[in-house]
Amino acid sequence: MWLGMLSLVLSPLACSFEPQLDLTRYEACDTRGDCAVEACSCLEKWWICALPKAAPEACRPEEPTCEIDAECDDGIACTDDSCNTATDECINSPNDLKCPDDNLFCNGSRTCDADKGCIGTGNPCTAAGQTCDEESRTCLPSAECGNGIVDELDGEDCDPGPSQNDNCCDIDTCRWTTPGLPDPQGKCSGALECQLNVCGGEGECTIANEEDHTPCMDDGLFCNGIEWCQAGVCDHAGSPCEAEGVCDEAFNICEPCGNDEYSYRKRITIQAGAAPVPRDYSVYFTEDTETLINEDKLRSDGHDWRIYYLNGPYCIELDRWIDTDLGGGLDSTTTRTWFKTQAAINAADSDGSYFVHYGNVNAGTPPADWSDSMGAGLDNEPSKVFLAADDFEEQIEGQQPDGWILHEGCSGIVVVNDGDNKVLDDGPGDGGNVTAGNPEWTDVAVRQKVKSIDGEIDHAGVVVRYFDETHEVYGGIVTNTTSEIWNRTSEDWGEPIGGPWSMSTMEIGWQVEELRIAGDTVDFYLNDIFIGGGTIHAGVPTQGASGFWCQYHNHNAYRDNHIVRLYVDPEPTAGAGTEELLP
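Residues numbered from 1 in each chain as written. Predicted model: local features only at pLDDT ≥ 70, side-chain atom pairs only at ≥ 80, totals over all residues. Heavy atoms only, no water.

Some remarks on the nonpolar core
Convention followed: Residues belong to one nonpolar core when they are buried, are Ala, Val, Leu, Ile, Met, Phe, Trp, Tyr or Cys, and are joined through side-chain atoms within 4.5 Å. Exposure categories follow from relative accessible area, calculated using a 1.4 Å probe and restricted to protein chains: below 20% of the type maximum is buried, above 50% is exposed, and the middle band is partly exposed. Under the DSSP-based scheme used, a helix requires at least four consecutive residues in state H or I and a strand at least two consecutive residues in state E, with every element numbered from the N terminus. Should any heavy atoms of two residues lie within 4.5 Å, those residues are considered in contact.
One finds Trp404, Val473 and Val522 to be the most contacted residues of the largest nonpolar core, which totals 35 residues. Listed by contribution, the elements that provide at least two residues to this core are strand S26 (432-436), strand S27 (444-452), strand S28 (462-468), strand S29 (471-477), strand S32 (511-518), strand S33 (521-526), strand S35 (545-550) and strand S36 (557-566). Apart from the residues within four sequence positions on either side, tryptophan 404 is in contact with Met374, Asp390, Phe392, Ile413, Val434, Thr435, Ala436, Gly547, Phe548 and His562. By size, the runner-up hydrophobic cluster in this structure holds 26 residues, among which are Ala275, Ile293, Val568 and Ala574.

Quick look at the state of the cysteines
Put simply, the rule is: Two cysteine sulfurs form a disulfide in these notes if their separation is within 2.5 Å.
Scanning all chains against the criterion turns up twelve disulfides. Residue cysteine 158 pairs covalently with cysteine 169 via a disulfide, S to S 2.1 Å. Residues cysteine 158 and cysteine 169 are joined by a disulfide whose S-S torsion is about 95 degrees; by sign, that bridge is right-handed. Within this pair, whereas cysteine 158 is found in the loop between strand S8 (138-141) and strand S9 (195-201), its partner cysteine 169 is found in the loop between S8 and S9, the two being separated by eleven residues in sequence. With respect to class, cysteine 158 is no different from cysteine 169; both count as buried.

Describing the packing of aromatic side chains
Remark: the centre distance and the inter-plane angle together describe each pair of aromatic rings, the angle taken between the planes. Spelled out, the test is: Here a pair means two rings of Phe, Tyr or Trp (six-membered ring of Trp) with centres within 6.5 Å. Their orientation is stacked below 30 degrees between planes, edge-to-face above 60, and tilted elsewhere. Charge over a ring is defined by NZ of Lys or CZ of Arg lying within 6 Å of the ring centre and within 35 degrees of the ring normal.
Counting across every chain of the model gives 17 aromatic pairs. A ring pair is formed by tryptophan 493 and tryptophan 549, whose centres lie 5.7 Å apart and whose planes are at 85 degrees; its orientation type is edge-to-face. On the criterion of sequence distance, the pair formed by tryptophan 493 in the loop between strand S30 (482-488) and strand S31 (498-502) and tryptophan 549 in strand S35 is long-range, its members being 56 residues apart. Like tryptophan 549, tryptophan 493 is buried. A network of ring pairs unites the aromatic residues Tyr264, Phe285, Trp305, Tyr309, Phe339, Tyr354 and Tyr358 as a single cluster. The ring of tyrosine 264 carries the charged tip of lysine 297 above its face, separated from the ring centre by 5.2 Å. Across from the ring centre of tryptophan 510, 4.6 Å away, lies the NZ or CZ of lysine 449, which sits over that ring.

Notes on the pattern of salt bridges
Oppositely charged side chains are able to pair whenever their charged atoms sit close together. As a reminder, the rule being used: Here, a salt bridge means any Lys or Arg side-chain nitrogen found within 4 Å of an Asp or Glu carboxyl oxygen.
Under the counting rule described, the total for this entry stands at 21 salt bridges. Aspartate 80 is paired through a salt bridge with lysine 98; the nearest N and O atoms lie 2.6 Å apart. Of the two residues, aspartate 80 sits in strand S3 (residues 79-84) while lysine 98 sits in the loop between strand S4 (89-94) and strand S5 (110-113), which places them 18 residues apart along the sequence. Judged by relative accessible area, which is 33%, aspartate 80 ranks as partly exposed. Residue aspartate 418 is joined to lysine 451 by a salt bridge in which the shortest nitrogen-to-oxygen separation is 3.1 Å. Of the two residues, aspartate 418 is situated in strand S24 (residues 414-418) and lysine 451 in strand S27; the sequence distance between them amounts to 33 residues. Residue lysine 451 is classed as buried on the basis of its relative accessible area of 18%. Members of the salt-bridge network, linked through shared partners, are Arg336, Glu514, Arg516, Asp528, Arg565 and Glu571.

Re a negative patch on the surface
For clarity, the cut-off: Each patch is built from residues that are more than 30% exposed by relative accessible area and take part in no salt bridge. Like charges join if they lie within 9 Å; nonpolar side chains (Val, Leu, Ile, Met, Phe, Trp, Tyr) join within 5 Å. All accessibility values rest on the Shrake-Rupley procedure with a 1.4 Å probe; residue burial counts only the protein chains present in the view. We count Lys and Arg on the positive side and Asp and Glu on the negative side, and we leave His and both chain ends out. Working definition for charges: the position is that of NZ of Lys, CZ of Arg, CG of Asp or CD of Glu.
A contiguous patch of negative charge, built from Glu152, Asp157, Glu202 and Glu204, is present on the exposed surface. By secondary structure assignment, the location of glutamate 152 is in the loop between S8 and S9. On the accessibility criterion, glutamate 152 (67% relative accessible area) is exposed.

Notes on the sheet that holds strand S20 (residues 335-340)
For the record, the criterion: The pairing criterion is simple: DSSP has to find at least two bridges between the two strands.
Across the sheet, which stays open at both edges, the three strands sit in the order S16-S20-S19 with antiparallel pairing between neighbours. Both edges of this open sheet fall to strand S16 (282-287) and strand S19 (321-322), since each of them pairs with a single strand only. By the bridge criterion, six bridges tie S16 to S20 in an arrangement that is antiparallel. In the sheet register, tyrosine 284 faces S20, and the bridge partner there is tryptophan 338.

Brief notes about the environment of glycine 203
Within the secondary structure, glycine 203 is located in the loop between S9 and strand S10 (204-209). Residue glycine 203 is classed as buried on the basis of its relative accessible area, which comes to 15%. Considered as a pair, glycine 203 and cysteine 168 are 35 residues apart in the sequence and their alpha carbons are 5.0 Å apart. The residues contacting glycine 203, other than those within four sequence positions of it, are Asn167, Cys168 and Trp176.

Topic: the layout of surface pockets
Put simply, the rule is: Lining residues are defined by having an atom within 4 Å of a point belonging to a cavity or pocket. Those points lie on a 1 Å grid over the protein atoms alone, cavities being sets where a 1.4 Å probe fits but cannot get out and pockets being open sets with protein on both sides within 12 Å along at least five of seven lines. Grid points are joined across faces, edges and corners, and a volume is the space filled by probe spheres set on the points. Amino acids outside the nonpolar list (Ala, Val, Leu, Ile, Met, Phe, Trp, Tyr, Cys, Pro) and the charged list (Asp, Glu, Lys, Arg) are all regarded as polar, and Gly is one of them.
As a volume, the largest pocket reaches approximately 240 Å³. Considering the residues around the largest pocket, the lining is formed by 18 residues, among which Tyr284, Trp338, Arg565, Glu571 and Pro572 are closest to the centre. Secondary structure elements with two or more residues in the lining of the largest pocket: S16, S20, S32 and strand S37 (573-581). No other element matches S16, which puts five residues into the lining of the largest pocket. Residues that form the lining of the largest pocket fall into these classes: eight nonpolar, three polar and seven charged.

Focus: the sheet that holds S29
One open sheet holds the seven strands; their spatial order is S23-S26-S35-S28-S29-S30-S31, and the pairing between them is antiparallel. Looking at strand neighbours, the two that pair on one side only are strand S23 (405-406) and S31, the edges of this open sheet. Inspection of the sheet shows S26 paired to S35 by five bridges, in the antiparallel sense. Residue glycine 432 lies in a different strand from S35, and its bridge partner there is cysteine 550.

Details of the side chain of aspartate 325
Put simply, the rule reads: Here a polar contact means two N or O atoms within 3.5 Å. Within protein one must be a hydrogen donor candidate and the other an acceptor candidate, and residues neighboring in sequence count only if both atoms are side-chain atoms.
Inspection of the secondary structure assignment puts aspartate 325 in the loop between S19 and S20. Looking at aspartate 325, its side chain comes within polar contact range of the side chain of arginine 447, at 3.5 Å. A polar side-chain atom of aspartate 325 sits 2.8 Å from a polar atom in the side chain of asparagine 561. If we ignore the near neighbours within four places in the chain, the residues touching aspartate 325 are Arg447, Lys449, Val512 and Asn561.

Notes on empty space enclosed by the protein
Within this structure, the stated rule accounts for one cavity of 30 Å³ or more. Each pocket or cavity is described by its volume, and for the largest cavity that value is around 30 Å³. Considering the residues around the largest cavity, the lining is formed by Leu326, Arg447, Val512, Glu513, Glu514, Tyr525, Asn527 and Asp528. A per-element tally of the lining of the largest cavity places S32 first, with three residues. Looking at the lining of the largest cavity, its residues break down into three nonpolar, one polar and four charged.

Section: the environment of asparagine 107
Secondary-structure assignment places asparagine 107 in the loop between S4 and S5. Classification of asparagine 107 by relative accessible area gives partly exposed; the value is 23%. Considered as a pair, asparagine 107 and proline 124 are 17 residues apart in the sequence and their alpha carbons are 7.3 Å apart. Non-local contacts of asparagine 107, meaning those with residues more than four positions away in its chain, are made with Asp102, Gly120, Thr121 and Gly122.

As structure tokens, then:
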């Protein structure tokens, strides 16, 4: 019979009767590599190869896990343990009937867990606001603050839960909020500005005054002080300038220089154009001092005509110069007063931090330090009104002025007295430069007074950006009736870059020349009137000293008030406002 069974060759489908091939426990014969053909035979529940020459053990399954129920005990009392002889596997099934009730309500019913044994299902009181009570075996409302239930036994006065929402109920303790404190529920209302909605106790609302000096709505005015609460009403703190001077509503500032011995003042506002204005820029404003003197508001010597700059809490007096060459000077309707800016001004912005004060009979000599600052100088101090300037008053008569250098054909220069005024005689010569100042100056306006001594003019102009004897810009008077602008980049002057322009005769009197240069553009002004301009050649240095040209053919001229100042185009403007009385 054994041989008969071995000789029976079956296809895999022929072995479909019990026990079937369980691919999770057995491997087919033809995958073991021990059978010669792709078929196998079934003998009881053992699988063997179809050919007798193969080792039967190669086709046998793993050893069975159980043969009887007793071999399947898992140690869990509430499971039913049995052996499945068809698959040789243990089956351990939980049986809730093997878990008797422990007579406890709050741990839930008892069930059998295949791993843990008999366990409770957990607290049956899981709904919001519930708590489990073992004694009554029921679910009761929780004594938790915020569930909307007032539990007096637990010490609650109120409860801010959805079903209550009491006024003035403390959301942490469920007690009434301390009187005078805000309602944590935000329900109290009716308070006005500088008042508070607060709790009054037992859930009541009341109104209390805001603490004094608490800020309230600003009325937009500076000189009545900040707005703060006083006795439950929004009030003004009063002028912020009592200890600092006069209060200025227009500019929202306190002016400490208002309380001094001067009787009057006017605000000076500087307005920038399309170009920003740097600090230390020289500006002037025009004012009718003739009327002020006639009204006895201003001294006839102008000593009480003072410029002040307001810098935060400080009031600083500035040096100033009343222009004696242009604008009419003191005691005229068009008096020009020059001073320096103390802070930069952005393009199109203005600065109203400057004032002119007057009306002080005891005023001493005003600060006006602008003289002898072109170079070495006697005091060697930079100008406080201009970038640099020299009126020759502090120079020694009969000598060449300090700081001035002669070039090329200039035979000599000397300080002389022209009446009560020291001036510079440019001396006989045959053309050439006389320069002074800083060789790093860039965009500047250079101005001087010039007067012919012998009635003839032969190139008595102004020099800017002088680098050396072959690199410079010249502009100004050429003859008694013409003016031009030149610049050279070599020994050869070439052709003028501006002019010639015709002018009125210059035989008699002082004339004021000014050359203004910004970038590659240069303009010439005579007596503050624009004459013409030009574009300088490429290659001319962007910086250099300033000076003038000593004339050709031994003609002499006097020079005075040589002024150098920063220059931007367009220039800012400055103007004085209305007169104000000072306390």
